[in-house]
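Overview (structure and organization)
Chain by chain, the residues:
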Amino acid sequence: MTQRLTSDFARRLAVRCVPLAIAIAALASCSEGKEHLAPAIHDRDSVSVMVSYGVNTLVSDSGVIKYRIVTERWDVNQVRQPSRWTFIKGLFMEQFDEKFRVKAYIQADTAWYYDKLKLWELRGRVRVRNVNGLRFGSEELFWDGMSHEMYSYKPSWVITPERTLEGTYFRSDEYMNHYTVSNSQGSFVKSDVDGGQPSQPSDTALASKADTAATVPAMRPAATPRASSSRQR
């Protein structure tokens, strides 16, 4: 009788303990499992803080209106270093002087502005035209707001009412009134060659004999911040 009671108790205990053991084993297996998470699509610093579409606005610096920006898309990222504005859909810009007079028109396929450095980097079909009739074209142009200069290390061309120049290095003031073209070739007015008086005032488009020199050194400034890719920076 005692053995039969013992056997019945053992069976009942087994019936109750088996589900409990299975639950404990399942819980243990879950606790040891690893989470399979996909990596982030973008690094945190690659995400724009602000994105604007269909922009037509005036931009000032130190209380002075410097230019008008017209663009299809404008991304602002203050997290990346250096912080920047990105124009991946192209840029058209009017440049103003201190008296709010238009001095030049600037266009590019892609552009970046490093606001802390006051540096514009224009890429693609860069075109500039100033109020004196000068036209500039290149695949790159930097506009340094600190030194008030523009420069390019890509093949560039300059067309004025008096002359046409092509060269591999270009530097000018920010209004393109005075400029240098190194390793240049092109056509000139007669006064540029024989030393006569130029047909236009010299401040409209300076392209003196030095422009024809084939070995004018082009000192490159400190490294310029570059974008991380061709369309997102």
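Residues numbered from 1 in each chain as written. Predicted model: local features only at pLDDT ≥ 70, side-chain atom pairs only at ≥ 80, totals over all residues. Heavy atoms only, no water.

The next thing to look at is the nonpolar core. By size, the foremost hydrophobic cluster in this structure holds 30 residues, and its most contacted members are Ile69, Trp120, Leu122, Phe136 and Leu141. The residues touching Ile69, leaving out its near neighbours within four places in the chain, are Val55, Asn56, Thr57, Val59, Trp85, Phe87, Leu91, Phe92, Met93 and Trp120. (Core = buried A, V, L, I, M, F, W, Y, C linked by side-chain atoms within 4.5 Å. Buried < 20%, exposed > 50% of the residue type's maximum accessible area, 1.4 Å probe, protein only. Contact = heavy atoms within 4.5 Å.)

That bond from Gln81 to Pro82 is cis: its omega, -5°, falls within 30 degrees of zero. Relative to the elements of secondary structure, Pro82 occurs in the loop between β2 (64-77) and β3 (84-87). A positive phi angle is found at Phe100, which is not glycine, with a value near 65°. Turning to its location among the elements, Phe100 is positioned in the loop between β4 (91-96) and β5 (102-108). Its relative accessible area of 41% is what places Phe100 among the partly exposed residues. A positive phi angle is found at Lys118, which is not glycine, with a value near 55°. Inspection of the secondary structure assignment puts Lys118 in the loop between β6 (110-114) and β7 (119-130). Overall, Lys118 belongs to the partly exposed group, its relative accessible area being 26%. (Helix = DSSP H or I, 4+ residues; strand = E, 2+ residues; numbered from the N terminus.)

This is a description of form; function is not addressed.
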